[in-house]
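What follows is the residue order along each chain.
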Amino acid sequence: KVLTLLELKSGVQAAPAALPVDTVKGEVALTDVINGTLSVRVGKGALREFTVSDATKILSSSEGKPEREVAFETVAVGDAVEVRSADGRLADEIRVRPGAR
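Residues numbered from 1 in each chain as written. Predicted model: local features only at pLDDT ≥ 70, side-chain atom pairs only at ≥ 80, totals over all residues. Heavy atoms only, no water.

### A few points about the pattern of salt bridges
Now for step 1: Summed over the entire model, instances satisfying the criterion amount to seven salt bridges.
Now for step 2: Between Glu 27 and Arg 41 there is a salt bridge, with its nearest N and O atoms 2.9 Å apart. Here the residue Glu 27 occupies a position in strand 1 (residues 22–32), and Arg 41 occupies one in strand 2 (residues 37–43), the gap between them amounting to 14 residues.
Now for step 3: Overall, the relative accessible area of 36% leaves Arg 41 in the partly exposed class.
Now for step 4: Here Arg 95 and Glu 67 are joined by a salt bridge, their closest N and O atoms 2.5 Å apart. Here Arg 95 is found in strand 7 (residues 93–97), whereas its partner Glu 67 is found in the loop between strand 4 (57–60) and strand 5 (68–69), with 28 residues between them in sequence.
Now for step 5: Each member of the salt-bridge network shares a partner with another, and the members are Lys 25, Glu 67, Glu 82, Arg 84, Glu 93 and Arg 95. (Salt bridge = Lys/Arg side-chain N within 4 Å of Asp/Glu carboxyl O. Helix = DSSP H or I, 4+ residues; strand = E, 2+ residues; numbered from the N terminus. Buried < 20%, exposed > 50% of the residue type's maximum accessible area, 1.4 Å probe, protein only.)

Put into structure tokens, the structure is as follows:
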């Protein structure tokens, strides 16, 4: 194969308007309050790990009740979660639906 034409573009590119927010839905596999980590089972044995900081908003919802903000310590293994993260590592918002206990 012989290269016949090579077009070069300028190195100036427009910055992306905003990073997309990544949303992961699954079930809590592990919580580590001391280290501030949350592992979410997303299916077929796959796990996603997120860092939970003081700025992370954690909302709990129960059937028939409005959402309320809760502490990270209340999130338990087996809870259904929806984690929103701009960078895929640091959790910006966690929505929790308690599992059957």
